[in-house]
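Now for the letters of each chain:
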Amino acid sequence: MGSEARQRPVWDRLVRLTHWGVAGLVLFNSFNESGELHRMAGYMAVALVLVRLVHGLLARGGSTAALPLPGWPLIRAHLADLMRGKGHAGLGHNPLGQWMAYLLWTLIIALGVTGWMARLDAFWGDDWLIDLHQGLANVLLGCVTVHLAGVVVMSRLQQENLVRAMLTGRKRG
């Protein structure tokens, strides 16, 4: 039996498209910090996050596209497993990964809102909104760094290339 036959679907096309689309737009905006292209890329990132959220809310059954918010017992059990050197047994996000997804999506939406608000006449000349927007961008980049580190750690613990899984949509069963 080939390795492809032992692979199970984990991330559908829409999940992967929104993930890599948002990743590319965040990367683009981290190097292009102003102007019309920055604004449009930011709005596109917010739109992709909203598409992903709607997709997750409409997902049924045990779909990995679903967006459950793990509670403290699941997080505690996951942390205990990590301390024992065990990876996540499920196909989708582990509990910390799901919380990170929500945090990243929240920051992206907040960046879109603060960027839009900064262009309104009501806030013209108010530096606090630009400072908030920049601060949120810095927090987002920090969270992206933690996310990437988590992907590396979990890939090693699970002996599964999680980047490849997000590219192909398939993981070992």
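So, here is what we can say about the structure in this document.

It is worth spelling out the packing of helix α1 (residues 13–31) against helix α2 (residues 36–58) at this point. The angle between the axes and the distance between the axes are what describe a pair of packed helices. Relative to each other, α1 and α2 sit at 155°, their axes nearing to 9 Å. Here α2 runs roughly antiparallel to α1, going by the angle between their axes. Both α1 and α2 take part in a crossing whose hand is left-handed. For the pair α1 and α2, the contacting residues are Leu14, Val15, Thr18, Gly21, Val22, Leu25, Phe28 and Asn29 in the first and Leu37, His38, Ala41, Gly42, Met44, Ala45, Leu48, Val49, Val51, Arg52 and His55 in the second.

We now examine α1. Relative to the 27 Å expected for 19 residues at 1.5 Å per residue, α1 spans 27 Å between its end C-alpha atoms, a close match to the ideal helical length. For α1, the complete set of buried residues consists of Val15, Arg16, Thr18, Val22, Leu25, Val26 and Asn29. Those residues of α1 that are buried lie in contact with α2, α4 (95–118), α5 (127–158) and α6 (162–168). Among the residues of α1, the N-terminal cap falls to Asp12, whose side-chain oxygen and the backbone nitrogen of Leu14 are separated by 3.1 Å.

Before going further, it helps to examine the packing of aromatic side chains. Enumeration over the complete set of coordinates arrives at two aromatic pairs. Judged by centre distance (5.5 Å) and plane angle (75°), the ring pair of Tyr102 and Trp105 falls under edge-to-face. Here Tyr102 and its partner Trp105 are both found in helix α4, three residues apart, which amounts to about one turn of the helix. Taking the relative accessible area as the measure of exposure, Tyr102 reaches 22% and is therefore partly exposed. With a centroid separation of 5.9 Å and 80° between ring planes, the pair formed by Phe123 and Trp128 is classed as edge-to-face. Judged by relative accessible area, which is 46%, Trp128 ranks as partly exposed.

Cut-offs applied
Residues numbered from 1 in each chain as written. Predicted model: local features only at pLDDT ≥ 70, side-chain atom pairs only at ≥ 80, totals over all residues. Heavy atoms only, no water. Axes fitted to C-alpha atoms, helices over the stretch in contact; angles between N-to-C directions. Helix = DSSP H or I, 4+ residues; strand = E, 2+ residues; numbered from the N terminus. Parallel < 35°, antiparallel > 145°, perpendicular 65-115°, else oblique. Left-handed = near helix turned anticlockwise from the far one by under 90°. Contact = heavy atoms within 4.5 Å. Expected span 1.5 Å × (residues − 1). Buried < 20%, exposed > 50% of the residue type's maximum accessible area, 1.4 Å probe, protein only. Polar contact = N/O pair within 3.5 Å; in protein donor to acceptor, adjacent residues only side chain to side chain. Phe/Tyr/Trp six-rings, centres within 6.5 Å; stacked < 30°, edge-to-face > 60°.

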